[in-house]
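Listed below are the residues making up each chain.
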Amino acid sequence: MRPGTLSVSELNEYVRRSLAGDPMLQGIAIIGEISNFKRHTSGHLYFTLRDEASRISCVMFRQHAQLLRFQPQDGMRVQLSGAVGLYMATGSYQFYGEAMMAEGAGALYELFVKTRERLQKEGLFDASLKRPLPLLPKGLGIVTSGGGAVLHDILTVARRRFPALPLFLRAAQVQGSGAAADLTRALAEIAALDQVEVIIIGRGGGSMEDLWAFNEEELVRAVVACKKPVISAVGHETDITLTDFAADVRAPTPSAAAELAVPERAELIARVERLTAQLHAQATLGLEQAGARLQAMEACLQQHSPVNQVRLFAQRLAALAGRMHVGAAAGLQALSSHARLTLERFELSGPRQTLRRGYVIALHAGRPVQRVAEVQERMTLQFQDGKAHVKTLDVEKEQAQ
Amino acid sequence: MKQENEPLRFEDRLEQLEQLTVKMEEGKLSLEELLKVYEQGIALSTGLKRDLDAAQATLTQLKDGQLKPIEDS
């Protein structure tokens, strides 16, 4: 072998040591845009950082990747701290990242906007997907960090509004690498509980990086697909994450989320009482009205009763009878006075009156003797006050005049 | 899938109670119907009030797939 001839491994090993020994290449940070991002099952991250003119392969091992506060994605502009080294197997030099930060205020935001637009186009945030919250859930599921202000706020409000409501907590990692995955699992687990009918998912305030898990597609899709209605309460009122867009309702704070999820018991009681009172009042009123109607019907029935009709007829009959009576009496009276008059007239014209005037009637065998020729030997003379039986001595007939 | 005999949700029953009240207020019911509606309403009201009964609150933690009651302040 010529002097200076090396095996491939020897060369690579030499270059590796040279790179590692160069202080300029250790403990530095580079800025670039991520592309070809891959997360290996081992947990190591592989990607390329590039700028307008150049690129470099990067790797971030699991122990460092775990500490990431957000999920790196293609297109994201980041600042990567670490060191330059050589990958012996391929002889390629690469950057070994140890920490990563989103570069500049705009980078994460830009990604946020891009993802939001994409998911929006897909219809994930459609209003038609929003489910109404139950008025009184059987139980409230809470997905947040195990301790801290968020849980405390939710518990305080829930206990105040409806002390008897069962609460279920699934503590989850709310920031850093793997947070989105844990939150997604937590959401699925809590939603699987029968008693849970509404879920609050959230965390306290923080930087955009701190909140980044709530912008990750995995969690956003899980929130949309969740079987139970989800209320998001991520960060402060001014912080907006994609989880907020995906949730059925977005609450500005954890306390507000609890107020949305948990009804005010006193209010519900008052509502039920009011309705019950109305029910009683209406039933009473209905009964009273029915009673009044019954009375009215009875009166109506009585008015049209045949008894009345009969009574009316009887009255008319009585009146007619009365009139008939009066009429008959008058008629009779008229008749009787007429009869009396006639009798009087008859009597006036009869023989008795003539006798009273001094005349005498000659009778024979009860019949008046009116002519000389009818004179008998024995006759009776009728006076006004008695009779005389007489014998005829002589008759003398007068000459007709 | 929803079972047929699954009890209605609180708001559904509250809504029913409201509708019964309105129905009674319309005053078009026969006395028999009125009393029937009233009976239904009282049953609903009793159930709703039972749901609102104050009881001891519970906080349960779901950890490693297990439900455990936890003490909280």
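Above this note sits the structure.
Report on the accompanying structure.

Cut-off values and rules
Residues numbered from 1 in each chain as written. Chains lettered and ligands numbered in written order. Predicted model: local features only at pLDDT ≥ 70, side-chain atom pairs only at ≥ 80, totals over all residues. Heavy atoms only, no water. Axes fitted to C-alpha atoms, helices over the stretch in contact; angles between N-to-C directions. Helix = DSSP H or I, 4+ residues; strand = E, 2+ residues; numbered from the N terminus. Left-handed = near helix turned anticlockwise from the far one by under 90°. Contact = heavy atoms within 4.5 Å. Nonpolar A, V, L, I, M, F, W, Y, C, P; charged D, E, K, R; others polar. Buried area = accessible area lost by both parts, 1.4 Å probe. Salt bridge = Lys/Arg side-chain N within 4 Å of Asp/Glu carboxyl O. Polar contact = N/O pair within 3.5 Å; in protein donor to acceptor, adjacent residues only side chain to side chain. Pairing = 2+ DSSP bridges. Buried < 20%, exposed > 50% of the residue type's maximum accessible area, 1.4 Å probe, protein only.

1. Here we look at the packing of helix 4 (residues 149-161) of chain A against helix 8 (residues 254-261) of chain A
All names here are of chain A.
- Put simply, helix 4 and helix 8 touch, their axes get as near as 8 Å, and they point 35° apart. The way helix 4 lies across helix 8 gives a crossing that is right-handed. Across the interface between the two elements, Val150, Asp153, Ile154, Val157, Ala158, Arg160 and Arg161 of helix 4 pack against Pro254, Ser255, Ala258 and Glu259 of helix 8.
- Across the contact of helix 4 with helix 8, the residue classes tally to six nonpolar, one polar and four charged.

2. Points about the interface of chain A and chain B
- At the interface, 35 residues of chain A touch 33 residues of chain B.
- Between chain A and chain B lies a buried interface of about 3,200 Å² when both sides are counted; carbon and sulfur atoms form 67% of it.
- Our count for the contact surface shared by chain A and chain B stands at two salt bridges.
- For B:Glu18, the salt bridge is made with A:Arg271, and the minimal N-O distance between the two is 3.5 Å.
- Applying the counting rule to chain A against chain B returns eight residue pairs in polar contact (both at pLDDT 80 or more).
- Within the residue set of the side of chain A that touches chain B, elements represented by two or more residues are helix 4, strand 7 (167-171), helix 5 (179-191) and helix 9 (265-303) of chain A.
- Examining the composition of the side of chain A that touches chain B, we find that 16 residues originate from one element, helix 9 of chain A, more than from any other.
- Of the residues that constitute the side of chain A that touches chain B, the class distribution is 24 nonpolar, five polar and six charged.
- Relative to strand 1 (residues 59-63) of chain B, strand 7 of chain A runs parallel, the two being bridged by three bridges. By the bridge assignment for strand 1 of chain B, A:Leu167 is matched with B:Leu59.

3. Details of the pattern of salt bridges
- The final tally for this structure, using the stated rule, is 19 salt bridges over all chains.
- Measuring nitrogen to oxygen at the nearest pair gives 3.5 Å for the salt bridge that ties B:Arg9 to B:Glu11.
- Given a relative accessible area of 34%, B:Arg9 falls into the partly exposed group.
- Assessed through its relative accessible area of 15%, B:Glu11 is described here as buried.
- Look at the salt bridges and you will find they share partners, linking A:Arg118, A:Glu122, A:Glu217 and A:Arg221 into a network.

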